[in-house]
Amino acid sequence: MEKKFCLQCSKELHGRIDKKFCDDYCRNTYNNHQNATHNNLIRNINYVLRKNRNILESKIPSGEDMGKISRNRLIQEGFSFTYFTHIYQNKKGNLYHFCYDFGYLELENDWILVVKVKGNQG
């Protein structure tokens with residue numbers, strides 16, 4: 001019978017034939033390490049999306065449904081036009097890019113219209 005060793009710490013394994021780890025600590029450590037790169041990518045993207053959403057939210061005056069800001073001002077505040085959660089096309093054919101429940105429409109002369117989702121739209 002061939003000896004088996006823990007995939008994390010390399011200790012000899014005893015017990016079940018299909019055992020891969022000596023204990024829960026080694027199993028968790030191994031799996032966390034395997035998923036670290038993937039989890040960091042997702043964490044970083046979610047951070048940018050949340051930041052974009054918060055910036056958009058701050059551009060709508062209290063009690064209003066929409067606001068307007070220059071593209072350069074959004075960029076200065078750290079907004080990333082690369083990341084958004086979804087796109088909505090209205091009946092006129094305008095494309096709104098959304099970060100969760102807040103979106104924007106690019107207007108002429110580098111102006112941006114910021115909107116908040118109403119109901120099931122978006």
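Just above, that's the structure.
Residues numbered from 1 in each chain as written. Predicted model: local features only at pLDDT ≥ 70, side-chain atom pairs only at ≥ 80, totals over all residues. Heavy atoms only, no water.

Caption draft 1: The overall build of the chain, seen in detail. In terms of helices and strands, the chain carries two helices and five strands. Ordering the α and β elements of the chain from the N terminus gives α-β-α-β-β-β-β. Computed over the C-alpha atoms, the radius of gyration of the chain is 24 Å, more than 25% above the 14 Å expected from 2.2 N^0.38 for a compact globule of 122 residues. Referenced to the eigenvectors of the C-alpha coordinate spread, the extents of the chain come out at roughly 75 × 30 × 25 Å. (Helix = DSSP H or I, 4+ residues; strand = E, 2+ residues; numbered from the N terminus. Rg over C-alpha atoms; globule rule 2.2 N^0.38 Å.)

Caption draft 2: Region of interest: the pattern of salt bridges. Summed over all chains, the structure comprises 10 salt bridges. When the shortest N-O distance is used, the salt bridge between Arg53 and Glu57 registers 3.0 Å. One end of the pair, Arg53, and the other, Glu57, are both in helix α1 (residues 24–58), four residues apart, so they sit about a helical turn from each other. When its relative accessible area of 19% is taken as the criterion, Arg53 is described as buried. Among the charged side chains, a salt-bridge network with shared partners connects Arg53, Glu57, Asp101 and Lys116. (Salt bridge = Lys/Arg side-chain N within 4 Å of Asp/Glu carboxyl O. Buried < 20%, exposed > 50% of the residue type's maximum accessible area, 1.4 Å probe, protein only.)

Caption draft 3: Quick peek at the sheet that holds strand β2 (residues 86–89). Taken in spatial order, the five strands line up as β1-β5-β4-β3-β2 in an open sheet, and their pairing is antiparallel. On the outer flanks of this sheet lie β1 (66–70) and β2, each paired with one strand and no other. In this sheet, adjacent strand axes meet at a mean angle of 30 degrees when their direction is disregarded. Lying on the sheet, α1 is in contact with β3 (95–99), β4 (102–106) and β5 (111–116); it crosses β4 at an angle near 75 degrees. (Pairing = 2+ DSSP bridges. Axes fitted to C-alpha atoms, helices over the stretch in contact; angles between N-to-C directions. Contact = heavy atoms within 4.5 Å.)

Caption draft 4: Spatial organisation of unusual backbone geometry. Of note, the phi angle at Tyr100 is positive, near 60 degrees, even though the residue is not glycine. Note on placement: Tyr100 falls in the loop between β3 and β4. Under the relative-accessibility criterion, Tyr100 is labelled partly exposed at 36%. We note that Asn109 has phi near 55 degrees; this positive angle belongs to a residue other than glycine.

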